[in-house]
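# What the coordinates show
Below, each chain spelled out in residue letters.
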Amino acid sequence: MANLDEIDRRLLAELQAEGRVTNVELAQRVGLTAPPCLRRVRGLEEDGVIRGYHADLDPSKLGFAITVFAMVSLKSQAESALREFEEHMRALPEVRECHMLNGEIDFILKIVSKDLQSFQEFLTGKLTPAPNVESVKTSLTIRTAKQEPGVPL
């Protein structure tokens with residue numbers, strides 16, 4: 001875990017809430033001048049605490065009307081089989097998140113699709129025949145009540 005002081009935590013909270021804030025504005029918000037603020041942010045980036053900056057896109061406005069969670073069980077949990085499955089998931093742009101789980105289900109995937117027909121084609125053409133897949137159970141999202149990126153600071 002990174003050794004962060006109160007100013008670092010405030011910087012991170014501000015950047016997590018508004019990644020496009022200017023360095024001058026960020027410095028004012030946390031009580032620094034611009035040069036030390038920039039040094040701290042660059043240090044947090046170099047240490048890997050800040051992994052990147054992203055735009056928050058509205059999937060529905062881009063034609064992705066549905067979000068599906070898929071619970072995937074594999075035939076083998078050997079490390080090579082797990083890695084092969086993970087590599088395959090990284091290559092599928094519809095798969096937005098892929099998490100390995102502890103328990104009966106091996107992976108949970110967050111998948112976006114334009115409509116049910118395109119999701120069915122993805123499911124039967126790309127996900128089910130993926131390496132080492134034994135079974136797939138899916139749940140269609142009805143609505144999203146909360147979607148917060150990052151961590152509580």
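Remember, it's a predicted structure, so these values are computed and weren't measured experimentally. (Residues numbered from 1 in each chain as written. Predicted model: local features only at pLDDT ≥ 70, side-chain atom pairs only at ≥ 80, totals over all residues. Heavy atoms only, no water.)

## Details of the UniProt feature "domain: HTH asnC-type" (unreviewed entry) in the chain
Sequence positions flagged by UniProt for "domain: HTH asnC-type" (unreviewed entry) are, in local numbering, residues 4-65. For residues 4-65, helix accounts for 53% and strand for 0%, while the C-alpha atoms at its two ends are 40 Å apart. (UniProt positions renumbered as here; feature names shortened; annotations may be inferred. Helix = DSSP H or I, 4+ residues; strand = E, 2+ residues; numbered from the N terminus.)

## Side note on the packing of aromatic side chains
The way to describe two aromatic rings as a pair is by their centre distance and the angle between their planes. This structure, assessed with the given rule, holds 2 aromatic pairs. On the basis of an interplanar angle of 45° and a centroid distance of 4.7 Å, the ring pair of Phe85 and Phe107 is categorised as tilted. With Phe85 in helix H4 (residues 79-90) and Phe107 in strand S3 (residues 107-113), the pair connects residues that are 22 residues apart, well separated along the chain. Using a relative accessible area of 0% as the deciding quantity, one classes Phe85 as buried. (Phe/Tyr/Trp six-rings, centres within 6.5 Å; stacked < 30°, edge-to-face > 60°. Buried < 20%, exposed > 50% of the residue type's maximum accessible area, 1.4 Å probe, protein only.)

## Looking at the nonpolar core
Counting 19 residues, the largest nonpolar core has Val72, Phe85, Met89, Leu109, Ile111 and Leu127 as its most contacted members. When contributions to this core are tallied by element, the ones reaching two or more residues are strand S1 (66-74), H4, S3 and helix H5 (116-127). The greatest single-element share of this core, amounting to 5 residues, is contributed by S1. Discounting chain neighbours no more than four positions away, the residues touching Ile111 are Ile66, Thr67, Val68, Ala70, Glu94, Val95, Phe119, Phe122 and Leu127. One finds Leu15, Ala27, Val30 and Val41 within the second-largest nonpolar core, a separate group that totals 12 residues. (Core = buried A, V, L, I, M, F, W, Y, C linked by side-chain atoms within 4.5 Å. Contact = heavy atoms within 4.5 Å.)

## A word on unusual backbone geometry
Although it is not a glycine, Asn132 sits at a positive phi angle of roughly 75°. Topologically, Asn132 is positioned in the loop between H5 and strand S4 (133-140). The buried category is assigned to Asn132, whose relative accessible area is 16%.

## Some details on the sheet that holds S1
Spatial strand order, S2-S3-S1-S4: 4 strands in an open sheet with antiparallel pairing. Because the sheet does not close on itself, it has two edges, and the strands there are strand S2 (95-100) and S4. Across the sheet, the mean angle from the axis of one strand to that of its neighbour is 20°, orientation sign disregarded. Bridging between S2 and S3 involves 5 bridges; their strand directions are antiparallel. (Pairing = 2+ DSSP bridges. Axes fitted to C-alpha atoms, helices over the stretch in contact; angles between N-to-C directions.)

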